[in-house]
Amino acid sequence: MRRTFVPALAAAAALTACSASTGATAQAAGPAARTLVVTGLGEASAAPDLMTLTIGVETQANTAAAALRQNTTQMQATIDRLKKSGVADKDMQTSNLSVNPRYNYEDNRSPKIIGYSASNMLTVKLRDISSAGAVIDQAVSDGANNLGGVSFSFADDKPLIAKAREAAVADAKDKAAALARAAGVTLGPILQIQDGYASPPPMPYMDSRVMAMEAKGAPIAAGESTLSASVTLIYEIR
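Residues numbered from 1 in each chain as written. Predicted model: local features only at pLDDT ≥ 70, side-chain atom pairs only at ≥ 80, totals over all residues. Heavy atoms only, no water.

A.B. asks: Hey, could you run me through the overall build of the protein in this one?
C.D. replies: Helices and strands together make up the secondary structure of the protein, namely four helices and nine strands. Ordered by position in the sequence, the α and β elements of the protein form the string α-β-β-α-β-β-α-β-α-β-β-β-β. (Helix = DSSP H or I, 4+ residues; strand = E, 2+ residues; numbered from the N terminus.)

In structure tokens, the structure reads:
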């Protein structure tokens with residue numbers, strides 16, 4: 001007897017097997033888990049132990065060469081003084097060096113060059129904030145005549161970041177518990193943890209615990225610096 005329908009029967013059998021397999025997989029996977037996503041914020045504050053500022057020298061002369069030469073002399077004296085005060089080479093970095101003409105704009109005439117000015121800015125890290133006032137005073141007395149860009153931070157901010165993250169996790173858990181109660185659901189296990197940002201503010205936070213350090217020179221108020229962190233938790237809910 002001739003077998004004329006074998007290919008059709010084989011295809012049907014394969015389709016039946018495929019459908020059965022797909023159904024079994026869908027049944028095994030079950031419905032997708034319901035989740036609750038919360039983001040917590042945390043902060044940690046401490047007195048900073050690192051002060052960064054710019055110390056500069058600006059000079060003027062009739063020629064560019066003379067202005068730069070005078071500037072170099074005063075800046076070298078400033079650097080030498082900083083080294084004597086305990087500032088390491090790695091904590092000093094030139095941030096700007098320029099020589100520019102000076103113009104006379106009087107009487108609405110065409111600008112006329114009347115001299116040159118040289119500027120050299122040095123970014124300095126001071127690791128002993130309590131002596132910062134005295135160090136700055138000495139640097140100014142040896143030739144520096146431009147100060148600015150003061151900021152406070154931490155030589156090692158990892159412990160403070162860890163505290164901020166712990167506070168962020170606690171905040172996220174509190175939010176999750178409150179939302180679950182309000183929604184009438186039960187929190188299951190945490191399915192995923194996503195670390196967010198951890199960053200300091202650009203300027204120190206001042207409060208009633210500000211520490212005014214009256215060094216020999218200018219008084220320096222370090223205050224407190226605050227690090228912030230965020231953490232996102234994804235819970236299964238029932």
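On we go from here.
A.B. asks: Teacher, can you tell me more about helix 4 (residues 158-183) here?
C.D. replies: The α-helix winds at 3.6 residues per turn, so residues separated by three or four positions along the chain end up facing the same way. For helix 4, which comprises 26 residues, the first-to-last C-alpha distance of 37 Å matches the rise-based estimate of 38 Å (1.5 Å per residue) to within 8%. Within helix 4 the residues assigned to the buried category are Leu160, Ile161, Ala164, Ala168, Ala172, Ala176 and Ala180. Looking one or two residues past helix 4, Gly184 carries a phi angle of roughly 70 degrees, positive in sign. (Expected span 1.5 Å × (residues − 1). Buried < 20%, exposed > 50% of the residue type's maximum accessible area, 1.4 Å probe, protein only.)

A.B. asks: How do you make sense of the packing of aromatic side chains when you look at a structure like this?
C.D. replies: The geometry of an aromatic ring pair is captured by the separation of the ring centres together with the interplanar angle, meaning the angle of the planes. Evaluation of the coordinates by the stated rule reveals one aromatic pair. For the pair Tyr103 and Tyr105, a centre-to-centre distance of 6.0 Å together with 50 degrees between the ring planes defines the contact as tilted. (Phe/Tyr/Trp six-rings, centres within 6.5 Å; stacked < 30°, edge-to-face > 60°.)

A.B. asks: Please explain the sheet that holds strand 4 (residues 112-126) as it appears in this structure.
C.D. replies: By way of backbone hydrogen bonds, the strands of a sheet pair with one another, either parallel or antiparallel. In space, the four strands of this open sheet follow the order 3-4-2-5, with antiparallel pairing throughout. One side of each edge strand has no neighbouring strand; the edge strands of this open sheet are strand 3 (92-104) and strand 5 (146-153). Looking at each pair of strands side by side, their axes are set apart by 15 degrees on average, direction ignored. Bridge count for strand 2 (residues 50-61) against strand 4 is eleven bridges, and the pairing is antiparallel. Each bridged residue has a counterpart across the sheet, and for Leu53 the counterpart in strand 4 is Val124. Its contacts with the sheet place helix 2 (residues 64-84) against strand 2, strand 3 and strand 4, and it is angled at close to 150 degrees to strand 2. Against the sheet, helix 3 (residues 132-141) contacts strand 2, strand 4 and strand 5, and its axis sits at roughly 10 degrees relative to strand 2. (Pairing = 2+ DSSP bridges. Axes fitted to C-alpha atoms, helices over the stretch in contact; angles between N-to-C directions. Contact = heavy atoms within 4.5 Å.)

A.B. asks: In this structure, what is going on with the side chain of Ser119? I would like to understand it.
C.D. replies: Positionally, Ser119 belongs in strand 4. Residue Ser119 is classed as buried on the basis of its relative accessible area of 13%. Among all residues touching Ser119, those that are not within four sequence positions of it are Val57, Glu58, Asn71, Asn96, Leu97 and Ser98.

A.B. asks: What exactly am I supposed to notice about the pattern of salt bridges here?
C.D. replies: Considering all chains together, one arrives at five salt bridges under this definition. Across the pair Lys83 and Asp89 runs a salt bridge, and its minimum N-O distance is 3.4 Å. We classify Lys83 as partly exposed; its relative accessible area is 40%. For Asp89, a relative accessible area of 52% puts it in the exposed group. (Salt bridge = Lys/Arg side-chain N within 4 Å of Asp/Glu carboxyl O.)

A.B. asks: Teacher, can you tell me more about the side chain of Thr78 here?
C.D. replies: Relative to the elements of secondary structure, Thr78 occurs in helix 2. The exposure class of Thr78 is buried, given its relative accessible area of 0%. Beyond its immediate chain neighbours, meaning those up to four positions away, Thr78 contacts Ile55, Val57, Ala139, Asp142, Gly143 and Ala144.

A.B. asks: How should the packing of helix 2 against helix 3 be read in this particular structure?
C.D. replies: Packed helices, taken two at a time, are described by their axes: the angle between them and the distance between them. Packing of helix 2 against helix 3 leaves a shortest axis separation of 8 Å and a crossing angle of 150 degrees. Here helix 2 is positioned roughly antiparallel relative to helix 3, judged by the angle of their axes. Note on packing geometry: the crossing formed by helix 2 with helix 3 is right-handed. The residues of helix 3 that touch helix 2, namely those facing Thr78, Arg81 and Leu82, are Val135, Gln138 and Ala139. Grouping the constituent residues of the contact of helix 2 with helix 3 by class yields three nonpolar, two polar and one charged. (Parallel < 35°, antiparallel > 145°, perpendicular 65-115°, else oblique. Left-handed = near helix turned anticlockwise from the far one by under 90°. Nonpolar A, V, L, I, M, F, W, Y, C, P; charged D, E, K, R; others polar.)

A.B. asks: Just to check I follow, could you spell out helix 2 for this structure?
C.D. replies: If you check helix 2, its first and last C-alpha atoms are 30 Å apart, about what 21 residues at 1.5 Å a residue would give, namely 30 Å. Listed in full, the buried residues belonging to helix 2 are Ala67, Asn71, Gln74, Met75, Thr78, Ile79 and Leu82. Around the axis of helix 2, the buried residues are gathered within 145 degrees of arc, so they sit on the same side. Residues of helix 2 that are exposed and point more than 90 degrees away from the buried face comprise Arg69, Thr73 and Lys84. In this fold, the buried residues of helix 2 make contact with strand 2, strand 3, strand 4 and helix 3. Trailing helix 2 by a residue or two, Gly86 shows a phi angle of about 100 degrees, which is positive. (Arc of directions from axis to C-beta.)

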